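Architecture and fold: a report
What follows is each chain in one-letter form.
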Amino acid sequence: MYRTDPAVVEHFRARAARYNRSSSWADDPVLGARIVELLAPEPQHRLLDVACGTGLVSKHFRGRVAQIVGVDITDGMFSQAGAFIDELVAAPAEALPFEGSSFDRIVCRQGIQFMDDEAAVREMLRVLKPGGRVALVNLCAYGDEDRAEYFEILRLRNAARRNFYVREDLVALLEAAGAVNIEVHDYVSVENVDEWSNTGAIDESAREEIRQIYRHASSGFVDLHAASVGDQIVDHMLFGIIVGEKARQ
Ligand SMILES: C[S@@+](CC[C@H](N)C(=O)[O-])C[C@H]1O[C@@H](n2cnc3c(N)ncnc32)[C@H](O)[C@@H]1O
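Presented here is a report on the structure given in the accompanying data block. Numbering of residues starts from 1 in each chain and follows the order in which that chain's sequence is written. Restriction of local features to residues with pLDDT of at least 70 applies here, the model being predicted, together with a cutoff of 80 or more for giving and counting side-chain atom pairs; totals for whole chains, interfaces and linings are based on all residues. Note that the side-chain values use all heavy atoms of the structure and ignore hydrogens as well as water.

**Comments concerning the overall build of the protein chain**
Quick reminder of the rule: The helix and strand labels rest on DSSP assignments: H or I over at least four residues marks a helix, E over at least two residues marks a strand, and numbering proceeds from the N terminus. Here the globule rule reads 2.2 Å times residues to the power 0.38, and the radius of gyration is calculated from C-alpha atoms. Here the term buried applies to any residue with accessible area under 20% of the maximum for its type, exposed to any over 50%, and partly exposed to those in between, with areas from a 1.4 Å probe on protein chains only. Contact criterion: two residues are considered in contact whenever any of their non-hydrogen atoms come within 4.5 Å of each other. To measure how exposed things are, a 1.4 Å probe is used in the Shrake-Rupley method; for residues, cover is taken only from the protein chains shown. In this count, Lys and Arg are taken as positive residues and Asp and Glu as negative ones, while His and the chain termini are left out. Charge positions come from single atoms, namely NZ of Lys, CZ of Arg, CG of Asp or CD of Glu.
Broken down by element type, the protein chain carries nine helices and eight strands. What you see for the protein chain is a C-alpha radius of gyration of 17 Å, in line with the 18 Å of a compact globule of 249 residues. Expressed as a percentage of its 249 residues, the buried residues of the protein chain come to 57%. Sequence-distant contacts, at least 24 apart, represent 73% of the contacts inside the protein chain between residues at least 6 apart. Here the protein chain has roughly 10500 Å² of accessible surface; of this, 48% comes from carbon and sulfur atoms. Side chains of the protein chain give 27 positive and 39 negative charges; the mean places of these two sets differ by 5 Å.

Next up, the structure:
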């Protein structure tokens, strides 16, 4: 049996009450519509939302597919998702309690960084039907220029995070799990860093360390993130939306 990390559950238990307001991307309708467009769901499809959280991704698929199943490990998060998800399953993504080839579409936004990501993506491909599509949607560093500073910012915001990515890492995860026809799409989310760091699960000293990284950021970081530091710190954060398919046999 797969054992989940108690630090991850504790982090999201502490964040659950204000999760939906803890970033501008969380409930961003444009990002939601982009994910739907790229996964191209059909009315007869079954969708699996891995690490569904409060259901803010599933919300955009509501009424577009026949059934939405959500899987997550934090009760305080998924207990808020009932309006958007038909069936909620408490289970780790690394050991999905579903038969092989049972979903037409799978989405996982901001989940795999907390997981044994290789095992989780392998599981997603196992439960995906041949010809089905999967999307990994994750905040990524732009590349070598910003990687070190950005990963430190992400680590400070959420110490339970295990993995940090550039887009190529997500492609490699899908490839290793056997996905084909992999596409890379970008989405830039403009975040007010003071709001984004106010998760309810980190202390003020970590928030100040984040501000200090922005105040002293390298020119490469500032250029890529179009980061401005005034009364409010603003960061243009990059989402990789990596879409793959399960080969038809
Ligand atoms: C940042 S939230 C993302 C929620 C949602 N996908 C969204 O984009 O709004 C991360 C979620 O991943 C869940 N999670 C973390 N590790 C997990 C695991 N191993 N299996 C399933 N869910 C997990 C957490 O409980 C939390 O609800």
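Now that the structure is up, let's keep going.
**A look at the side chain of aspartate 117**
What counts here: Here, a salt bridge means any Lys or Arg side-chain nitrogen found within 4 Å of an Asp or Glu carboxyl oxygen.
Positionally, aspartate 117 belongs in helix H4 (residues 117–127). One buried charged side chain, aspartate 117, makes no salt bridge at all; its nearest oppositely charged neighbour is arginine 162, positioned 7.1 Å away.

**Focus on the packing of helix H5 (residues 147–157) against helix H8 (residues 204–215)**
Inclusion rule: Note on geometry: axes are C-alpha line fits, over the in-contact stretch for helices, and angles between N-to-C directions span 0 to 180 degrees. In these notes the angle categories are as follows: under 35 degrees is roughly parallel, over 145 is roughly antiparallel, 65 to 115 is roughly perpendicular, and the rest is oblique. Crossing handedness is defined as follows: a turn of the near helix away from the far one that is anticlockwise and smaller than a right angle gives a left-handed crossing, while the clockwise case is right-handed. In this classification, Asp, Glu, Lys and Arg are treated as charged, Ala, Val, Leu, Ile, Met, Phe, Trp, Tyr, Cys and Pro as nonpolar, and every other residue, Gly included, as polar.
For the pair H5 and H8, the least separation of the axes is 9 Å and the interaxial angle reads 165°. Put simply, H5 runs roughly antiparallel to H8. In this structure, H5 meets H8 at a crossing whose hand is left-handed. Here Glu149, Glu152, Ile153, Leu156 and Arg157 of H5 come into contact with H8, specifically with Ala206, Glu209, Ile210, Ile213 and Tyr214. For the contact of H5 with H8, the per-class residue count stands at six nonpolar, no polar and four charged.

**Things to note about the site of the ligand**
Stated formally: We call a residue near a molecule or strand as soon as one heavy atom of that residue lies within 4 Å of the molecule or strand. In protein, a polar contact requires one atom able to donate a hydrogen and another able to accept it; more generally it is a pair of N or O atoms within 3.5 Å, and residues adjacent in sequence count only if both atoms are side-chain atoms.
Residues in contact with the ligand amount to 19 residues; listed here are only the nearest, Tyr19, Ala51, Asp72, Thr74 and Arg109. Between an oxygen atom of the ligand and a side-chain N or O atom of arginine 109, the distance comes to 2.6 Å. Starting from 600 Å² of accessible surface for the ligand in isolation, the protein chains cover 99%. Considering only residue class, the shell around the ligand consists of 13 nonpolar, three polar and three charged.

**What to know about the pairing of strand E4 (residues 103–109)**
Quick reminder of the rule: For two strands to count as paired, DSSP must find a minimum of two bridges between them.
With respect to burial, E4 is a largely interior element, seven of its seven residues being buried. Both strand E1 (residues 46–50) and E4 contribute to a ladder of three bridges, which runs parallel. Its bridge partner lying in E4, leucine 47 is registered against arginine 105. In this sheet, strand E5 (residues 128–140) lies alongside E4 in parallel orientation, the contact comprising six bridges. Looking at E5, one finds that isoleucine 106 is bridged to valine 134.

**Concerning helix H2 (residues 29–39)**
What H2 keeps buried is the set Leu31, Gly32, Ile35, Val36, Leu38 and Leu39. For H2, the secondary structure elements touched by its buried residues are E4, E5, strand E6 (179–192) and strand E8 (233–246). The backbone nitrogen of valine 30 has a side-chain oxygen 2.8 Å away, supplied by the residue at the start of H2, namely aspartate 28. Positioned one or two residues after H2, alanine 40 has a phi angle of 45°, which is positive.

**Some thoughts on the nonpolar core**
Test applied: Only buried residues count toward a nonpolar core, which is a set of Ala, Val, Leu, Ile, Met, Phe, Trp, Tyr and Cys residues joined through side-chain atoms within 4.5 Å.
Formed by 51 residues in total, the largest nonpolar core has its most connected members in Trp25, Ile35, Phe61, Val107, Tyr214 and Ile241. Put simply, the parts of the chain that give this core at least two residues each are helix H1 (6–15), H2, helix H3 (75–78), E5, H5, helix H7 (193–196), H8 and E8. Not counting residues within four places of it along the chain, the set of residues in contact with isoleucine 35 comprises Phe61, Val107, Arg109, Val137 and Ile241. Ala91, Met124, Cys140 and Leu174 belong to the second largest nonpolar core, which has 33 residues in total.

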